[in-house]
Protein chains: 2
Amino acid sequence: VLKLYDNPVSGNAYKVRMMLAHLGMRYERIELSVTDRSDREERLGGKNPSLRVPVLEFEDGRCLGESNAILCYLAEGTDYLPDDAFERAQVLQWMFFEQYDHEPNVAVARFLLGWSDDPAAHADVIATKQKLGRKAIGAIERRLAAHDFLVAGRYSVADICLYGYTHMADQAGIDLAGFPAVSAWLARVAAQPGHVVIAA
Amino acid sequence: VLKLYDNPVSGNAYKVRMMLAHLGMRYERIELSVTDRSDREERLGGKNPSLRVPVLEFEDGRCLGESNAILCYLAEGTDYLPDDAFERAQVLQWMFFEQYDHEPNVAVARFLLGWSDDPAAHADVIATKQKLGRKAIGAIERRLAAHDFLVAGRYSVADICLYGYTHMADQAGIDLAGFPAVSAWLARVAAQPGHVVIAA
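Visitor: Looking at this model, I keep getting lost on the pairing of strand β1 (residues 3–6) of chain A. Mind explaining?
Guide: Working note: regular strand, side chains alternate between the two faces of the sheet. Pairing of β1 of chain A with strand β2 (residues 28–31) of chain A, which is carried by 4 bridges, proceeds in the parallel orientation. Note that in β2 of chain A the partner of D6 of chain A across the bridge is E31 of chain A.

Given below as structure tokens:
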């Protein structure tokens, strides 16, 4: 059976669970800690160069890391990834944007606020990441002001990818009240058939 | 004609120029500053949500941002991107790894050392990024210890992507002497037909 090296609070792992749920695929969840990472080399060495979750392990032992690479692999040939070459490239554009401008700010601010020993000690870093996180969400807002979904006018892995941490922006101390198009889009994503919540 | 919003010292822009050179494609270079970013909204607004270079603008006005999304788009249907679904996913895995674990450390340490007003003021940040940059290059070293190229045993956009900043690691204050497999791979990449140097 397919194995997902997973963590219940990781938004990156959640993206993959959402995709697997949409596709109705069965898999085994293997939980790794996101606070005590001392066993990462032992458990993920040889499976993912970055030693991060999520990692998807296939029945034949092959492994794939990086949430967005996993999303693209699983979505290939389905309605969740466009066929058109330029639309596919736009999906990737938003996914790379997510990993460079969005996740390192929104996800890390959330982590420091919710899972670090002493959030107050990280106050300056958190404030900087909140500011940059708002900037990234502002870029999504501008796109969604004129589009129902990020690419090609329909729900795709680009939306799954950016939904992951955006829908938990409040846990990063980022108020989405000023982002009405993002808020409406979050509701559209959550209304998709087969949607699952992060705690599922 | 194809337009590349570009900067001569950006490794991300260099990756795209290398790909365009391999493919023998003609394009116009439009230079943006990487130190004075005050004109970014005016010049890249509507073209790339992150307002970063590189951006590729097609003759019909469509634009694509994110160096790695551009590489994948240009490489589609060529020898620089595998056909096999799992190998394509492995290419993406290394590209997302590059933007998350490698570029923010190696490229940013290089930038702070070479282009910031006062590198000494950033000494702690630079030291942290050098440490994390060595860790990322170490992950490439482990892969290349048993493989000539990152994916599928042959040169692909995964190699172009990671060559970009790895080959300038010395400018980030990272000595590659301890990474023999990486050093040998850099030479293999530089020996590819149609290779161009960053200053080209």
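Visitor: Just checking my understanding: could you explain the interface of chain B and chain A for this structure?
Guide: Interfaces are often sized by the accessible area lost when the parts come together. Contacts between chain B and chain A engage 33 residues on the former and 33 residues on the latter. Of the roughly 3,000 Å² buried between chain B and chain A, counting both surfaces, carbon and sulfur atoms make up 68%. If you sort the residues of chain B by the area they bury against chain A, F86, F96 and Y100 of chain B come out on top, with a joint share of 27%. For D101 of chain A, the salt bridge is made with R52 of chain B, and the minimal N-O distance between the two is 2.4 Å. Applying the counting criterion to the chain B and chain A interface returns 6 residue pairs in polar contact (both at pLDDT 80 or more). Among the secondary structure elements, those contributing two or more residues to the side of chain B that touches chain A are β4 (63–65), α3 (67–75), α4 (85–115) and α5 (123–144) of chain B.

Visitor: How should I be thinking about the sheet that holds strand β1 (residues 3–6) of chain B in this particular structure?
Guide: Strand pairing in a sheet takes place through backbone hydrogen bonds and is either antiparallel or parallel in direction. Residues and elements named next belong to chain B. Strand order in the open sheet made by the 4 strands is β2-β1-β3-β4, with mixed pairing throughout. A strand with exactly one partner marks an edge of an open sheet, and here the two such strands are β2 (28–31) and β4. Pairs of neighbouring strands in the sheet enclose a mean axial angle of 20 degrees, with direction left out of account. On top of the sheet, helix α1 (residues 11–23) reaches β1 and β2; it is set at about 150 degrees to β1, its chief contact. Along the sheet, α3 contacts β3 (55–57) and β4; its crossing angle with β4, the most-contacted strand, is approximately 125 degrees.

Visitor: Would you explain the environment of A158 of chain A in this entry?
Guide: Residues and elements named next belong to chain A. Mapped onto the fold, A158 is located in helix α6 (residues 157–166). Separated by 41 residues in sequence, A158 and A199 have C-alpha atoms that sit 21 Å apart. Among all residues touching A158, those that are not within four sequence positions of it are V91, W94, L150 and V151.

Visitor: How should I be thinking about the packing of aromatic side chains in this particular structure?
Guide: What characterises a pair of aromatic rings is the spacing of the ring centres plus the angle enclosed by the ring planes. Using the criterion set out here, one finds 17 aromatic pairs over all chains in the structure. For the pair Y14 of chain A and Y163 of chain A, a centre-to-centre distance of 6.4 Å together with 50 degrees between the ring planes defines the contact as tilted. Taken together, the residues Y14 of chain A in helix α1 (residues 11–22) and Y163 of chain A in helix α6 connect sequence positions 149 residues apart. Judged by relative accessible area, which is 0%, Y14 of chain A ranks as buried. With centroids separated by 5.8 Å and ring planes inclined at 90 degrees, the aromatic side chains of F58 of chain A and F86 of chain B adopt a geometry described as edge-to-face. Placement of the pair is F58 of chain A in the loop between β3 (55–57) and β4 (63–65) and F86 of chain B in helix α4, with the two residues belonging to separate chains. You can call F58 of chain A buried: its relative accessible area is 13%. F86 of chain B gets classed as buried once you look at its relative accessible area, which sits at 6%. Through successive ring pairs, a cluster of aromatic residues spans F58 and Y73 of chain A together with F86 of chain B. The lysine or arginine in question, R188 of chain A, covers the ring of F149 of chain A, its NZ or CZ lying 5.8 Å from the ring centre.

Visitor: Any chance you could explain the state of the cysteines here in plain terms?
Guide: Disulfides are covalent bonds that connect the sulfur atoms of two cysteines. One pass over the full model with this rule turns up 0 disulfides over all chains. With no disulfide of its own, C161 of chain A has C72 of chain A as its nearest cysteine by sulfur position, at a separation of 8.6 Å. With no disulfide partner, C63 of chain B has as its closest neighbouring cysteine sulfur the one in C72 of chain B, 18 Å distant.

Visitor: Teacher, can you tell me more about the packing of α1 of chain A against helix α3 (residues 67–75) of chain A here?
Guide: Axes are the key here: two packed helices are described by the angle between their axes and the distance separating the axes. Residue and element names in this part refer to chain A. At a minimum axis distance of 9 Å, the contact between α1 and α3 shows a crossing angle of 10 degrees. One way to sum up the angle between α1 and α3 is to call them roughly parallel. Across the interface between the two elements, N12, K15, V16, M19 and L20 from α1 touch S67, N68, I70, L71, L74 and A75 from α3. Residue composition of the contact of α1 with α3, by class: 7 nonpolar, 3 polar and 1 charged.

Visitor: Help me out: how do you make sense of the nonpolar core in this one?
Guide: Note that soluble globular proteins tend to have their nonpolar side chains buried in a common cluster. Core analysis: the largest hydrophobic core is formed by 114 residues, its most contacted members being V157 and W185 of chain A together with V157 and W185 of chain B. Those residues within four positions of W185 of chain B in sequence are excluded, and the remaining contacts are L144, D148, F149, L150, D159, L162, Y163 and T166 of chain B.

Visitor: How should the pattern of salt bridges be read in this particular structure?
Guide: If charged atoms from side chains of opposite charge come close, those side chains can pair. By the definition in use, this model includes 16 salt bridges over all chains. One salt bridge in this structure joins E76 of chain B and R88 of chain B, with 2.7 Å as the shortest N-O distance. Of this pair, E76 of chain B sits in the loop between α3 and α4 while R88 of chain B sits in helix α4; the two residues are 12 residues apart in sequence, bridging distant segments of the chain. Of the residues examined, E76 of chain B reaches a relative accessible area of 38% and is grouped as partly exposed. The exposure class assigned to R88 of chain B is buried, which follows from its relative accessible area of 18%. Put simply, D6, R17 and R29 of chain A are held in one network by salt bridges that share partners.

Visitor: In this structure, what is going on with the relation of the copies chain B and chain A? I would like to understand it.
Guide: Both copies of the chain are related through a single rotation about an axis accompanied by a shift along the same axis. Each copy superposes on the other: chain B lies on chain A with an RMSD of 0.0 Å after a rotation of 180 degrees and an axial shift of 0.0 Å. Taken together, the turn and the small shift mark the pair as related by a two-fold rotation axis. Identified as the residue of chain B closest to the rotation axis by C-alpha distance is Y100 of chain B, at 3.1 Å. Comparing interface residues between copies, 100% of those in chain B also sit at the interface in chain A, which points to an isologous, same-surface contact.

About the thresholds
- Residues numbered from 1 in each chain as written.
- Chains lettered and ligands numbered in written order.
- Predicted model: local features only at pLDDT ≥ 70, side-chain atom pairs only at ≥ 80, totals over all residues.
- Heavy atoms only, no water.
- Pairing = 2+ DSSP bridges.
- Helix = DSSP H or I, 4+ residues; strand = E, 2+ residues; numbered from the N terminus.
- Contact = heavy atoms within 4.5 Å.
- Buried area = accessible area lost by both parts, 1.4 Å probe.
- Salt bridge = Lys/Arg side-chain N within 4 Å of Asp/Glu carboxyl O.
- Polar contact = N/O pair within 3.5 Å; in protein donor to acceptor, adjacent residues only side chain to side chain.
- Axes fitted to C-alpha atoms, helices over the stretch in contact; angles between N-to-C directions.
- Phe/Tyr/Trp six-rings, centres within 6.5 Å; stacked < 30°, edge-to-face > 60°.
- Buried < 20%, exposed > 50% of the residue type's maximum accessible area, 1.4 Å probe, protein only.
- Lys NZ or Arg CZ within 6 Å of the ring centre and 35° of its normal.
- Disulfide = S-S within 2.5 Å.
- Parallel < 35°, antiparallel > 145°, perpendicular 65-115°, else oblique.
- Nonpolar A, V, L, I, M, F, W, Y, C, P; charged D, E, K, R; others polar.
- Core = buried A, V, L, I, M, F, W, Y, C linked by side-chain atoms within 4.5 Å.
- Least-squares fit on C-alpha atoms with pLDDT ≥ 70 in both.

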